[in-house]
There are 2 protein chains.
Amino acid sequence: MTSTIFSIAPSSAQTAPSQNKCAVCSFKKLCLPVGLDDNAVSRLDKIIGRRRRIARDEHLYRMDQPFNSLYAVRFGHFKTAQVNLRGEQQITGFQMAGDLLGMDAIGAGRHACSAVALEDAEVCEIPFARLQELFGEMPQLLQHFHRIMSQEITREQNVMLLLGNMRAEQRFAVFLLNLSARYQARGYSPSSFQLRMSREDMGDYLSLTIESVSRLLSRFRKQGWISIDNRDLTILDRAALEALSTGAALEVAEQKAARAEEAMRGKSRMTLCAA
Amino acid sequence: MTSTIFSIAPSSAQTAPSQNKCAVCSFKKLCLPVGLDDNAVSRLDKIIGRRRRIARDEHLYRMDQPFNSLYAVRFGHFKTAQVNLRGEQQITGFQMAGDLLGMDAIGAGRHACSAVALEDAEVCEIPFARLQELFGEMPQLLQHFHRIMSQEITREQNVMLLLGNMRAEQRFAVFLLNLSARYQARGYSPSSFQLRMSREDMGDYLSLTIESVSRLLSRFRKQGWISIDNRDLTILDRAALEALSTGAALEVAEQKAARAEEAMRGKSRMTLCAA
DNA sequence: CGTTGCTTTGACACCGATCAATCCTGGTGG
DNA sequence: CCACCAGGATTGATCGGTGTCAAAGCAACG
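Fair warning: this is a prediction, and the values are worked out from it, not measured in the lab.

Draft legend 1. Region of the structure containing the overall build of chain A. Helix and strand counts for chain A come out as 8 helices and 11 strands. Residues counted as buried form 50% of the 275 residues belonging to chain A. Within chain A, contacts between residues separated by at least 24 positions form 72% of all contacts whose residues are at least 6 apart in sequence. By element, 50% of the accessible surface of chain A is carried by carbon and sulfur atoms, the whole surface being about 12800 Å².

Draft legend 2. Looking closely at unusual backbone geometry. Backbone geometry at Asn230 of chain A places phi at a positive 60°, although glycine is not the residue there. Here Asn230 of chain A shows up in the loop between strand S10 (226-229) and strand S11 (232-235). Of note, the phi angle at Asp64 of chain B is positive, near 80°, even though the residue is not glycine. With respect to the element layout, Asp64 of chain B can be found in the loop between strand S2 (59-61) and strand S3 (69-75).

Draft legend 3. Representation of the sheet that holds strand S11 (residues 232-235) of chain B in the model. Residue and element names in this part refer to chain B. Judged by pairing direction, the sheet is antiparallel, and its 3 strands sit side by side in the order S9-S11-S10 without closing on themselves. Since the sheet does not close on itself, it has two edges, and those belong to strand S9 (192-194) and strand S10 (226-229), each with one partner. Strand-to-strand, the axes of this sheet are offset by a mean angle of 15°, without reference to chain direction. Sheet analysis places S9 next to S11, joined by 3 bridges and oriented antiparallel. What sits directly across from Ser192, in S11, is Thr234. Across the face of the sheet, helix H4 (residues 168-185) comes into contact with S9, S10 and S11 while running at roughly 100° to S9. Where helix H6 (residues 210-222) meets the sheet, its contacts fall on S10 and S11, and the angle it forms with S10 comes to roughly 130°.

Cut-offs and rules
- Residues numbered from 1 in each chain as written.
- Chains lettered and ligands numbered in written order.
- Predicted model: local features only at pLDDT ≥ 70, side-chain atom pairs only at ≥ 80, totals over all residues.
- Heavy atoms only, no water.
- Helix = DSSP H or I, 4+ residues; strand = E, 2+ residues; numbered from the N terminus.
- Buried < 20%, exposed > 50% of the residue type's maximum accessible area, 1.4 Å probe, protein only.
- Contact = heavy atoms within 4.5 Å.
- Areas by Shrake-Rupley, 256 points an atom, 1.4 Å probe, with all protein chains shown as cover.
- Pairing = 2+ DSSP bridges.
- Axes fitted to C-alpha atoms, helices over the stretch in contact; angles between N-to-C directions.

Written as structure tokens, this is what we have:
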């Protein structure tokens, strides 16, 4: 096993000193405290439970486990995955610092997917019952929580679009640009970063085989769009990736677009008829 | 254009008499009022805006329009779809009586997808600002709202699973059984119902071409699993569909499962090592 | 230095897309 | 009443992108 920074006291959760301090957390601009004043932030601070450290490849929670808390990532990366009866996994997302985990469990009271650390990581535990108490007193917090949940819905819709309507190349370009944007939002380089997940994880997210992922990386490299050394990736030609990601050069699709446009015009005519 | 029940006063929204009456709505068990007492329901009633009638093929809202209200479907069916630059659409869901529309717009303040009526339909308009006022006073309502949003997240995760990990046959079986279950929950026959959407819409949801959809319907019919006459569908062999939907008879996949299991065992060993 | 697991690369197969022709249905007009 | 038409649905033939299978390369580690 790869040695971890937790090799002395590994796996299980640990209680941290009481001061969690959203106030001084470098990711508060991306996390729950967005838009809260100092007073509000300190009230939020008070309900944040222990911090938990999760070693690489360990579960933060497992599918079907009862739901009690949301988790905000402090550092490290996670993947969330649903596993079906046959052991195939669909990775539903990758989470990094400032991202909120566990919202899909509110509805059923059990986690709908499993969260696994891709590297040694730390999260803030947010007991949901206590968060709910705060909602009554802090409408700004509630509003922001709704925004976050809603954004999770639109994020997933985008993945549906990706899985449903894009070819392998396009999916991969979208994936890389998405990572790039998220690192930029966190103050890191948007053009040079480490892929925290294995080829297999990328494949299970994009619904491609590891072989396809590998071939795509090679092709992108040969085109001079990226450089890739193991898991270290550099975007060399962002414009090319963006062109791909918006679906340039797919004349087949353009034909379909033409057809769709025609259909639209048809419907407009129909509407006029009816009015 | 097909004549509609609104042919006299078509398209645009209409103000309905003030009494919306969630209390007497046959779908309150599926909708926002779940679990509310009479008093609470009447308070919810008061903020519900006008009812809106939407004729077949008309938009309830369009992508990018500013967000003001959620909508609860009273009758009729809708589809929600994202359309990309090239006119391809990914249908993100089909909504029926009791379903809530528009939650994906809270985050950005604009609708992330378009909602179109598949047939003449009616919705309750729920001004979100007023709903938010109620949240402060009615924690049960807030809790239920969170459940609904969370369920929307898990619903979409299931679609991701469907698009990412299932073959055409399996997707289609899952789709039919899902419709069946939803009609059953609404008190309709789970085995015999009308497909409210065109073949193309089914395809754009399942990410299949109309030809594939058509072939699947034919194949399922020839196998004796369903009968299909135009849009009228009857499930004749539910067990067969369920077997398909859980992914029976995919030995290829079983191999992958075996590999995954092996990997799992590998990781357990690693964990033991570390502990 | 061998083992182990991950990655890369190549050859081939197969599912579902694409293209094309026909059928069916409902609506329209003679 | 029937002929005609348009749009949607079905069916068949073929193509192509990705999965599958297999082998080899490579890096980390004991």
